[in-house]
Amino acid sequence: MCRLESWINPESDQMLVEGKITGVDMAIKEIKKDVYWVGAVDWNISNFHGYSLARRGSTYNAFLVLDEKVTLFDLVPEKFKWDLYHQVHKLVAPDKIDYIVVNHVELDHSGALPFMVEKCSPERIFCSPMGEKSLLSHFHKPEWPVQVVKDGESISLGRKDVQFMEARMLHWPDTMFSYIPQDRLLISSDAFGQNIATSRLFDDEHDLNLLLDESRHYYTNIILPFSGFVQKTLARVKESGLEIDMIAPDHGVIWRTHVAEIIGAYQEFSSQKVRAKAVLVYDTMWSSSEKMIKALGDALVEEGIEIRLMSLKRFHHSDVMGEFSDAAALVCASPTHNNGMLPLMADFLTYMKGLKPKGRLGATLGSFGWSGEAPKAMAQVLEEAGFELPLEPLRVKNVPSHEHLAQCREMGRVLAGKIREKLSAQ
Ligand code: FEO
C-alpha cells in the first residue's frame with residue numbers, strides 16, 4: 001500500500017493541464033487518522049431534481065480509508081469522475097483500491113462508479129441488499145464483484161472495521177450507513193447533509209445557526225416524506241449504543257463538534273412540530289389576488305402569528321418549502337386562469353404534495369374574471385395532501401373592494417385562532 005508521504009503522482013498535474021478536473025483542485029483533508037475526504041465541490045449547481053441549489057451549491061463527499069484494504073466510501077457524479085480520481089491519486093495509486101462501499105446508489109454518489117471500477121478493478125463492491133438490485137438496474141454490470149452486506153454485518157479493513165446499518169428511505173430504499181468503531185465515525189450518506197459548496201469541511205468552521213438552517217432546508221426538500229423512517233433509524237442508532245463523535249454525510253460539512261445538535265435537529269425535523277407561523281404563497285395576474293392574501297396576512301400579524309409572504313415569481317418552490325418546514329399553516333392565493341390556477345401555483349402544489357408535510361392547516365383564495373375555479377382547485381390539492389381546511393375558499397370577482405378585503409382579514413383572524421388551537425394540542 002502506498003501512503004501520502006511516499007506516493008509520487010506525476011499524472012496529477014497532467015490531469016489539471018488536460019482540463020479533466022471539473023471543479024476546483026481541493027486540498028487533501030484527513031478527517032480521522034488514515035481517513036481522507038476525496039470528494040468534489042459543485043460550486044455552480046443550480047438544481048437537484050427540482051430542488052433549487054442556487055443558494056449555496058453543493059458538495060459530494062467521498063472518503064478514502066488507507067488500511068490493509070484500501071477502501072473508498074461513496075463516490076461523486078459522473079461529471080466529477082476525474083476530480084475523484086485526482087483526489088485519490090494524491091494519496092495512493094487508484095488501482096490500489098481494494099474495496100468500494102456504495103452506501104447509496106443515487107447517481108450523485110455512484111455516477112463515477114463505472115469509471116472507478118474500470119480504473120481500480122476493486123476486489124469487492126459492498127452495498128445493501130436493495131443496493132445490489134439498484135446497482136444492477138442502473139449500470140447493468142452483473143460481472144461487477146458486488147458483495148451484499150446485511151444490517152449489522154461487519155467487515156475488517158485491517159486495523160479498522162466497518163459495521164453496516166440499513167437506513168432505508170434516507171433517502172432511497174438502498175441507503176445504508178457505514179460505521180467505523182475505531183474512529184467513532186458514522187458515514188451517513190444523505191442523512192445529516194446540507195447543500196453547501198464550501199472549502200471549509202468541518203461544522204465548527206461555520207456559523208452553527210446557518211448550518212442548522214441549511215440542514216432544515218435540505219431535510220424538508222429531500223427527507224421530509226420519509227420522516228417516519230428517520231425516527232425509526234434514530235431510535236435504532238440510540239438503541240445500538242454506537243459511540244459517535246463524527247458524522248460524515250455525503251453532502252455539506254462534516255459534524256465533529258456539533259454531533260449532538262444535528263442529531264437533535266433531526267429528532268425535531270422528523271417530528272414535524274410546527275410553530276405560530278404561516279407561509280403565504282401566491283401568484284397574481286393584475287394584483288387582485290396579491291391584495292387579498294396581503295389583507296389576510298395583515299390580520300395574522302395583528303393576531304401575533306409570524307408570516308412569510310412569498311411570491312412564486314420571486315421564490316423557487318423549494319425555497320417556499322424550506323420556509324414552510326416549521327409553519328403551522330399554508331395560505332395559497334391565485335387568480336383563475338383558463339379555468340384553473342396559475343401554472344406557478346400548480347407547480348408549487350405538486351412539489352409540496354410530494355413532500356407530504358403532516359398536520360398542517362390550509363386556506364385558499366383568489367380573484368377571477370368569469371369562472372373562478374382556482375381557490376377550490378387549490379383547496380382540493382391541499383385536502384388531498386392531508387391539510388385541515390377550516391375555511392371555505394374565498395373568490396372575488398375582478399378587483400377586491402374594501403368589503404372583500406375585510407373578508408380576507410376575517411379569514412386571517414379565524415385562521416390565527418385555528419393555529420393557536422393546533423399549537424395548544426401539540
Ligand atoms: Fe445525495 Fe439521494 O442522493
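The structure presented is a predicted model; accordingly, all values stated were derived computationally and were not measured.

What follows is about the overall build of the protein. Within the protein one finds 13 helices and 21 strands. Dimensions of the protein, computed from the C-alpha atoms along their principal axes, are close to 80 × 50 × 40 Å. The burial tally for the protein puts 57% of its 426 residues in the buried class. Within the protein, contacts between residues at least 6 apart in sequence are counted, and of these 74% link residues at least 24 apart. Of the accessible surface of the protein, which amounts to about 17,400 Å², a share of 50% is contributed by carbon and sulfur atoms. Side-chain charges of the protein comprise 47 positive and 58 negative groups, with the mean position of each set lying 4 Å from the other.

Strand order across the open sheet formed by seven strands is β1-β2-β7-β8-β9-β10-β11, with mixed pairing between neighbours. Strands at the two margins of the open sheet, each flanked by one partner only, are β1 (29–32) and β11 (146–148). Shown here is a sheet whose adjacent strand axes are inclined to one another by a mean of 25°, direction ignored. Looking at chain direction, strand β9 (residues 99–101) and strand β10 (residues 124–127) are connected through three bridges and run parallel. Pairing of Val101 across the sheet is with Phe126, part of β10.

Moving on to the confidence of the model for the protein. Taken as a whole, the protein shows an average pLDDT of 95; of its residues, 96% reach a score of 70 or greater. Per-residue pLDDT stays below 50 along residues 1–8; that stretch engages in 18 contacts with residues further than four places along the chain or on separate chains.

Once that is clear, we can look at the state of the cysteines. According to the stated counting rule, one finds zero disulfides in the structure shown. Here Cys127 is not disulfide-linked; the sulfur of Cys120 is the nearest cysteine sulfur, at 17 Å. Overall, Cys127 belongs to the buried group, its relative accessible area being 0%. Not engaged in a disulfide, the cysteine Cys332 finds its nearest cysteine sulfur in Cys408; these two sulfurs lie 14 Å apart. A relative accessible area of 0% places Cys332 in the buried class.

Turning next to helix α13 (residues 402–424). The end-to-end C-alpha distance of α13, which contains 23 residues, comes to 33 Å, matching closely the 33 Å that a straight helix rising 1.5 Å per residue would cover. Among the structural elements, β17 (275–282), α9 (288–302), β19 (327–333), β20 (361–368) and β21 (394–397) are those in contact with the buried residues of α13.

Calculation criteria
Residues numbered from 1 in each chain as written. Predicted model: local features only at pLDDT ≥ 70, side-chain atom pairs only at ≥ 80, totals over all residues. Heavy atoms only, no water. Helix = DSSP H or I, 4+ residues; strand = E, 2+ residues; numbered from the N terminus. Buried < 20%, exposed > 50% of the residue type's maximum accessible area, 1.4 Å probe, protein only. Contact = heavy atoms within 4.5 Å. Areas by Shrake-Rupley, 256 points an atom, 1.4 Å probe, with all protein chains shown as cover. Lys, Arg positive; Asp, Glu negative; His and termini not counted. Charge placed at Lys NZ, Arg CZ, Asp CG, Glu CD. Pairing = 2+ DSSP bridges. Axes fitted to C-alpha atoms, helices over the stretch in contact; angles between N-to-C directions. pLDDT = per-residue confidence, 0-100. Disulfide = S-S within 2.5 Å. Expected span 1.5 Å × (residues − 1).

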